[in-house]
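# Per-entry structural report
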Amino acid sequence: KAPPVIFSGIQPTGIPHLGNYLGALKQWVKLQNDASPDTTLLYSLVDLHALTTQEDPDQLRQWRRDMLAALIAVGLNPDRSIIFYQSKVPAHTELMWILSTNASMGYLSRMTQWKSKLDLPDDSSPFDAAVKMKLKLGLFSYPVLQAADILVHRATHVPVGSDQSQHLEFARDCANGFNHNYGPVLVAPDTLLSPAKRVMSLTRPHLKMSKSHTDPKSRIMITDSREEIERKVKSALTDSVSGISYDPTGRPGVSNLLEILFHLQDDHDQASPQELAKIYEALSMRAFKEQVSGCIEHHLRGIRDAFASLVRGSDRKRLDEAMMLGTNKANQSAQQTMDSVRNAIGL
Ligand code: ADP
Ligand code: NA
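Residues numbered from 1 in each chain as written. Chains lettered and ligands numbered in written order. Predicted model: local features only at pLDDT ≥ 70, side-chain atom pairs only at ≥ 80, totals over all residues.

What follows covers the overall build of the protein chain. Regarding its fold elements, the protein chain presents 15 helices and five strands. By the compact-globule yardstick of 20 Å for 347 residues, the protein chain fits well, its C-alpha radius of gyration being 21 Å. The principal-axis extent of the C-alpha atoms belonging to the protein chain is close to 70 × 50 × 40 Å. Taken across its 347 residues, the protein chain has 39% of its residues classed as buried. Look at the contacts in the protein chain between residues 6 or more apart in sequence, and 73% of them connect residues 24 or more apart. (Helix = DSSP H or I, 4+ residues; strand = E, 2+ residues; numbered from the N terminus. Rg over C-alpha atoms; globule rule 2.2 N^0.38 Å. Buried ≥ 20, exposed ≤ 12 C-beta atoms within 10 Å, placed from the backbone. Contact = placed C-beta atoms within 7 Å.)

Okay, here's the thing in structure tokens:
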């Protein structure tokens, strides 16, 4: 049996917020640190995907570098995990083309992502007159590139949030379809669902924390200073019920803060959000929020310092070295697959 290959990707959207960290990156680090020695881990900054929504070259350059620094700052080790820019590995786009020759428009039409990115209803058709002018081919075929990202490295396990399971199913179909036509070359990956629930916005706790919300107080960035963390937690929308309790429907704001505390714990001896509520039961909202910001600060301090020295300080060279190392290793990994793929299809 082939050793495990873990692959995941993230768009280079600059500095991650606490939702990105608790929902994705923290799990990536844990997978790395718990992995058996024969496990390969690949984490891609998917800059080609970012082109479907982003058109400012300077900003993309900056965000890509910030995200790379963030991945290393949160604890990914470039000597252990292969961290790389998608665009530096041309095999991703080559395999995408090959997969797209067998990808059905009907299947892609049913995917939800292009609809939500364009704010279209779920039953939209790409052939509607009004839709087809707005819908670009790259956004529509995004899942095919994502399938190629995964398959080109023979990933066996792909950690994703629940909103991405549809795309993984599509990747599995691409692999099985290819293998059906040409023989067993590609590996159909398994999903590793992220254990984390959604971290909610601090100011509008019925919405998920997201970089697309205009209010910067709605989210904590992993590089926020102690003062910024305190200020944002203090202004988080809660309620005037006395005492602390866990009740996501009745008290979404407080419950979100309890969830954040819950996810910040290292997983041994984890207290549930309900148990945490018991611990803080008698505190005033103000005292509870001080506990929450203290805990966030405690967790993010090291990350913030590491990020600063990677981006501005003495570790700047490490970023370039990590990028080159990742590029080389990822190209090698992809090349192996492409040799078999080209051979199988007659190229
Ligand atoms: P955003 O919503 O800010 O645009 P992305 O869609 O770029 O974030 O998500 C990047 C990663 O972070 C994905 O794996 C996603 O599942 C995770 N993620 C984003 N927001 C949250 C959140 N509020 N809670 C938990 N995970 C999140
Ligand atoms: Na998003």
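Moving on, we get to the domain arrangement of the protein chain. As far as domains go, the protein chain holds domain 1 (5-198 + 316-345) and domain 2 (216-310). The distance between the C-alpha centroids of domain 1 and domain 2 comes to 31 Å. With 17 residues of domain 1 at the interface, the matching set in domain 2 holds twelve residues. Every element with two or more residues in the side of domain 1 that touches domain 2 is listed here: helix H1 (18-34), helix H3 (57-73) and helix H15 (316-345). (Domains from an automatic or database assignment.)

Contact geometry of helix H12 (residues 252-264) with helix H14 (residues 285-311) gives a least axis separation of 10 Å together with a crossing angle of 30°. Taken as axis vectors, H12 and H14 run roughly parallel relative to one another. Crossing of H12 against H14: the hand is left-handed. In contact with Leu257, Ile260, Leu261 and Leu264 of H12, H14 contributes Val292, Cys295, Ile296 and His299. Class assignment for the residues of the contact of H12 with H14 results in seven nonpolar, one polar and no charged. (Axes fitted to C-alpha atoms, helices over the stretch in contact; angles between N-to-C directions. Parallel < 35°, antiparallel > 145°, perpendicular 65-115°, else oblique. Left-handed = near helix turned anticlockwise from the far one by under 90°. Nonpolar A, V, L, I, M, F, W, Y, C, P; charged D, E, K, R; others polar.)

We now examine the nonpolar core. Counting 85 residues, the largest nonpolar core has Leu71, Leu99, Ala147, Ala148 and Leu151 as the members making the most contacts within it. Two domains each donate at least three residues to this core, and these are domain 1 (5-198 + 316-345) and domain 2 (216-310). (Core = buried A, V, L, I, M, F, W, Y, C linked by C-beta atoms within 7 Å.)

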